[in-house]
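# Inside the fold
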Amino acid sequence: MFIYNISPVTFASGRIFGLDSQLLFDILFQAIAIFVLFFFVGYLLINPVRKALQARQDKVKSDLADAARDKEEAAKLKADYDNKLSNVDEEAKEILSEARRKAVKNENAIVAEAKEEAGRIIANAHREAELEKAKVKDEVRLEIINVATLVAGKFVEEEMDMTKQEELLSETLAEIGEDTWQK
């Protein structure tokens with residue numbers, strides 16, 4: 001069996017825990033190299049990652065601000081929409097009353113135009129009736145003249161006494177017709 005001397009300090013060799021100075025120097029050098037390596041890798045890799053994370057954080061903040069602004073705008077639009085919806089009944093009533101006013105105005109205009117047209121038609125009818133009366137009067141005068149010339153011709157053809165003249169006159173009137181004289 002082997003027995004080892006495991007004491008923390010060996011006085012004879014000058015070593016601590018059995019480590020020599022070269023080993024301690026190597027450990028210290030490796031620790032410094034690892035620290036420099038971590039520092040260098042941290043500078044090269046961690047800073048870009050930090051910048052990317054900061055950019056992402058800024059983007060999330062701007063997206064949240066945009067979402068809040070959009071939400072406020074949507075709330076305003078909804079309030080405007082609700083306001084318009086509440087005013088729709090009033091606007092519909094106003095439009096209907098305006099349409100009724102226009103319809104009444106058009107109706108009055110049409111009625112006035114119809115009355116005016118009826119007045120013109122009546123005036124034309126009166127004028128035509130007057131013209132017809134005048135025409136009938138002229139025709140009656142012509143008939144009377146014709147009758148008078150016939151009677152005068154008959155009177156001239158035969159000289160007659162009063163009774164004969166009255167007979168001729170009544171005979172001529174009967175030939176012309178009683179209706180002509182009653183107008």
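The shown structure was predicted, so the numbers you read here are calculated from the model rather than taken from an experiment. (Residues numbered from 1 in each chain as written. Predicted model: local features only at pLDDT ≥ 70, side-chain atom pairs only at ≥ 80, totals over all residues. Heavy atoms only, no water.)

As a further point, take the overall build of the protein. Along the backbone of the protein there are three helices and two strands. In sequence order, the secondary structure elements of the protein are arranged as β-β-α-α-α. In the protein, which comprises 183 residues, the proportion classed as buried is 4%. Accessible surface for the protein amounts to roughly 16700 Å². Of this, 63% is attributable to carbon and sulfur atoms. (Helix = DSSP H or I, 4+ residues; strand = E, 2+ residues; numbered from the N terminus. Buried < 20%, exposed > 50% of the residue type's maximum accessible area, 1.4 Å probe, protein only. Areas by Shrake-Rupley, 256 points an atom, 1.4 Å probe, with all protein chains shown as cover.)

So, about the confidence of the model for the protein. Mean pLDDT for the protein: 81, with 83% of residues reaching 70 or above. When mean pLDDT is compared element by element in the protein, helix 1 (residues 21-157) scores highest at 88, while strand 1 (residues 9-10) scores lowest at 46. Note that residues 1-12 has pLDDT below 50 and, in this model, five contacts with residues that lie over four places away or in other chains. (pLDDT = per-residue confidence, 0-100. Contact = heavy atoms within 4.5 Å.)

Below, the discussion takes up the pattern of salt bridges. For side chains of opposite charge, pairing can occur when their charged atoms come near one another. Across all of its chains, the model carries seven salt bridges by this definition. The closest approach of N and O atoms between E98 and R101, which form a salt bridge, is 2.8 Å. With a gap of three residues between them, E98 and R101 both fall in helix 1, about one helical turn apart. Under the relative-accessibility criterion, E98 is labelled partly exposed at 33%. Between R141 and D138 there is a salt bridge, with its nearest N and O atoms 3.3 Å apart. In this pair, R141 and D138 both sit in helix 1, three residues apart, roughly one turn of the helix. (Salt bridge = Lys/Arg side-chain N within 4 Å of Asp/Glu carboxyl O.)

A contiguous patch of negative charge on the surface is contributed by D161, E166, E167, E171 and E175. Looking at the element boundaries, E167 is found in helix 2 (residues 162-176). Residue E167 is classed as partly exposed on the basis of its relative accessible area of 48%. (Patch = residues over 30% accessible without salt bridge, like charges linked within 9 Å, V, L, I, M, F, W, Y side chains within 5 Å. Lys, Arg positive; Asp, Glu negative; His and termini not counted. Charge placed at Lys NZ, Arg CZ, Asp CG, Glu CD.)

For the rest of this paragraph, the subject is a nonpolar patch on the surface. On the surface, L37, F40, V41, Y43, L44, L45 and I46 cluster together into a nonpolar patch covering about 700 Å² of accessible area. We classify L37 as partly exposed; its relative accessible area is 49%.

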